[in-house]
Amino acid sequence: MTTYLLRRIAISIVVVVGVSIFIFALLHVIFPSPAIVVLGVKANRVAIAAWDKANGFDRPWFAQYLHYMNGLVHGNLGYSYKVNQSVTALFGERWARSLYLSGISLLIAVVIAIPLGIFQAVRRNTIGDYTLTAAAFTVYAMPVFFLGLILIQVFALTFPIFGFEASQSTSLWAVMTDWHDMTLPIATLVFITVASFSRYMRSTAMDTLAQDYIKAARAKGLPERLVLWRHLLRNACLPMITLIGLSIPVLLAGNLITETLFNYQGLGLLFFSSLNTEDYNVLLAYTLLGAVLTVVGNLVADMSLTIADPRIRLA
Amino acid sequence: MAHVQSLPPLDIQRAPEGGEVGQVQSGWRLAVREFSRNKLAVAGLAILVFFVLFCFAGPLVYHSDVLNSNLQAVNLPPGSPGHPLGTDGQGFDELGLLMTGGQAALEVGFFAAFIAIVIGTLFGAISGLAGGVLDGTMMRVVDIFLSIPFLFVVLIVAVRYGSTVLSLSLIIGAFTWLVPARLVRGEVLTLRVRDFVSAAKVAGAGRWRLINRHLIPNALGTIIVNVTFQVADAILAVSYVGFLGYGLHYPHQDWGDMLSNGTTYMLDGYWWLIYPVGACIVLVVMACNLIGDALRDSLDVRLRRR
């Protein structure tokens, strides 16, 4: 078990290093130096070259990469020349809000998707199952922003129940208690996530229901409610662990589209505004963060599944 | 000498009739039959064919001007003379915009899926057949690229280099070849221990011949299923990029860009700028998903009904 764990961590470190090299090289090709941003568009070549030399941008890209990684390990994510703040400070303002939005949506989605999937499996091929499958299929095929637009139109414009813009408050507590503004962004994310989670849940629950131990439990005379609760629930939840692990990168890196649509001041909106202003240091740090979180998420998903499922024997 | 009894007359009984011999059913024919039994899949195929005709043959039948703005006919509601679906903020006919916008979405979808499949299949087949260190390295490369949030890189490249159908297809294809690579590698690992591969090796087949003549044709089922999902994902990716403002701009159209423009008129109640476009995207993606699901079911021998 420990050798497996160590091997997986070693592979993950290799992958993270590889990702960071690729992303840094990509951004270096696209945007070699912020000299023009700092000096202005009319700066002549001599000034640019001098600035580059003074700030270390004329070194070979691998040396710049090592310097950047050194800074990264010490917590320095780079400096944004467009807004004149360190990237760490920019992230620090917003990560809690992104975490709240994605976290609460994931939590609600899991709480809804598990019973929904089990219901669909137990009542398979009935009207309820067909309707829910059709609804999940339609939402699955929808782009996130289109679902958000429909929700805004119905629940914020036609019947003004909720607000169409997310809470703009800087206080996390105010955001968390503002149900009027936050319901629609959370609902959009919840619907999209439930659509994909419940498909997995349904097929896993159907596979589990066909197992012999369910038959044995029923044959022993166990009431159906206990069969579902004690046997089906625990075993059908295992893929959900993997899905949650794979959703970790979204938790912190922010839901780009939803935050842009509802103007929610999180990490996703930061990425979008940095795109518009071509603030490449922020883009680099953000993409790296997303990549590292993806690797961590995969690792967590694998590890939790190995711990939770005793049937998985490790080489 | 005993009288040799003559043998009874030879009564050759005819073999019982075997009945009609049907045409030999190849695996593909059975899969097609299974597919056509699934009504949803046939509906999905019909929707996809309809949209291809709508987007590419539509403009030949329905003439509208989506290049010259007409400020006297701005934001007309559906049903206005000459504009069945209304006009947008620059006076372009909405139905014509849907047709030409769909061309970009479908072109990028199919082209990106094609690139992804070609690269992914070759990569996966070579990796699966080679095994050992080469296989390990190639799969680490796949892991590295899989960890990169692909939407971000697409957006960054689109910001820097602008978007055209070709650049969007290339960049989307460059990040979506990873999943087919993994799938094909899995299939090849299963296939390479089969007897027909051993027979081919004994007959002297080189690595390329094995890949082209034996491994890939037998992995084609998985590949085809994956193509449909790639098309669906590519069309969704194009709509996301377009919605964020980095898709194709005038004089080209794409559905995501249309949705993005339409959102500014939401509070005015100009619903015809938003919902028809969104419905088109949803229908095309849903059609591809339906076809993909049905193909997966029909190519899986265990699920086949006799």
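Once a new chain begins, its residue numbering starts again from 1 and follows that chain's sequence as written. Chain letters start at A and ligand numbers start at 1, both assigned in the order the entries are written. Given that this is a predicted model, residues contribute local features only at a pLDDT of at least 70 and side-chain atom pairs are listed and counted only at 80 or more, while totals for whole chains, interfaces and linings are drawn from all residues.

### So, the overall build of chain B
This is how it is decided: In this text, helices come from DSSP runs of H or I with a minimum length of four residues, and strands from runs of E with a minimum of two, each type numbered from the N-terminal end.
The helix and strand inventory of chain B stands at 12 helices and 0 strands. Ordered by position in the sequence, the α and β elements of chain B form the string α-α-α-α-α-α-α-α-α-α-α-α.

### Considering the overall build of chain A
To keep things clear, this is the line we draw: The burial label depends on the number of other C-beta atoms within 10 Å of a residue's C-beta. Counts of 20 or more mean buried, 12 or fewer mean exposed, and intermediate counts mean partly exposed, with C-beta atoms placed from the backbone. Contact between two residues is assigned whenever their backbone-derived C-beta positions fall within 7 Å.
Of the regular secondary structure elements, chain A holds 16 helices and 2 strands. Based on the C-alpha atoms only, the size of chain A along its principal axes is roughly 85 × 60 × 35 Å. In chain A, which comprises 315 residues, the proportion classed as buried is 35%. A separation of at least 24 residues holds for 70% of the contacts in chain A among residues at least 6 apart in sequence.

### A word on the interface of chain A and chain B
Threshold: Ten residue types, Ala, Val, Leu, Ile, Met, Phe, Trp, Tyr, Cys and Pro, are classed as nonpolar, four, Asp, Glu, Lys and Arg, as charged, and the remainder, Gly among them, as polar.
Opposite the 33 residues of chain A that make contact, chain B presents 28 residues. Broken down by secondary-structure element, the contributors of at least two residues to the side of chain A that touches chain B are helix H1 (2–30), helix H6 (127–141), helix H7 (144–158), helix H13 (248–253), helix H14 (256–262), helix H15 (267–277) and helix H16 (280–308) of chain A. Split by residue class, the side of chain A that touches chain B holds 25 nonpolar, 7 polar and 1 charged.

### Section: the confidence of the model for chain B
This is how the line gets drawn: A residue's pLDDT is the confidence the predictor assigns to it, expressed on a 0 to 100 scale.
Across chain B, the average pLDDT comes to 84, with 90% of residues at or above 70. Scored by ipTM, the complex comes to 0.83, with pTM at 0.84.

### Observations regarding the packing of helix H6 (residues 150–161) of chain B against helix H7 (residues 165–176) of chain B
All names here are of chain B. We count it as follows: Here the axes come from fitting lines to C-alpha atoms, over the contacting stretch only for helices, and the angles between their N-to-C directions go from 0 to 180 degrees. For classification purposes, an angle smaller than 35 degrees is called roughly parallel, one larger than 145 roughly antiparallel, one from 65 to 115 roughly perpendicular, and anything else oblique. We call a crossing left-handed when the near helix sits turned anticlockwise from the far one by less than a right angle, and right-handed when that turn is clockwise.
Two elements in contact, H6 and H7, have axes separated by 10 Å at closest approach and are oriented at 155°. What the angle tells us is that H6 and H7 run roughly antiparallel. In the packing of H6 onto H7, the handedness of the crossing is right-handed. Two secondary-structure elements touch here, H6 through Phe 150, Val 153, Val 154, Val 157 and Tyr 161 and H7 through Ser 167, Ile 171, Ile 172 and Phe 175. Taken together, the residues of the contact of H6 with H7 sort by class into 8 nonpolar, 1 polar and no charged.

### Observations concerning the environment of Glu 278 of chain A
Considering the arrangement of structural elements, one finds Glu 278 of chain A in the loop between H15 and H16. In this structure, the C-alpha to C-alpha distance between Glu 278 of chain A and Arg 124 of chain A, residues 154 residues apart in sequence, is 51 Å.

### A word on unusual backbone geometry
Residues and elements named next belong to chain A. Not every positive phi belongs to a glycine, and Asn 263 is a case in point at roughly 55°. By the secondary structure assignment, Asn 263 is in the loop between H14 and H15. Looking at Asn 263, the number of C-beta atoms within 10 Å reads 13, which means it is partly exposed. Phi is positive for Glu 278, close to 55°, though the residue is something other than glycine.

### Focus: the nonpolar core
Stated formally: The term nonpolar core refers to a set of buried Ala, Val, Leu, Ile, Met, Phe, Trp, Tyr and Cys residues connected through C-beta atoms within 7 Å.
In this structure, Leu 155, Ile 235, Val 241 and Val 285 of chain B are the most contacted members of the largest nonpolar core, which totals 151 residues. In this structure, Leu 155 of chain B is in contact with Leu 275 of chain A together with Val 241, Leu 244 and Tyr 246 of chain B, ignoring residues within four places of it in sequence.

### Thoughts on the confidence of the model for chain A
With 98% of its residues at a pLDDT of 70 or more, chain A has an overall mean of 85. Within chain A, the element-level pLDDT minimum falls on H13 of chain A, averaging 74, and the maximum on H7 of chain A, averaging 90.

### Thoughts on the environment of Ala 195 of chain A
Along the chain, the position of Ala 195 of chain A falls in helix H9 (residues 179–209). Taking the C-alpha atoms as reference points, Ala 195 of chain A and Leu 132 of chain A, 63 residues apart in sequence, are found 9.2 Å from one another.

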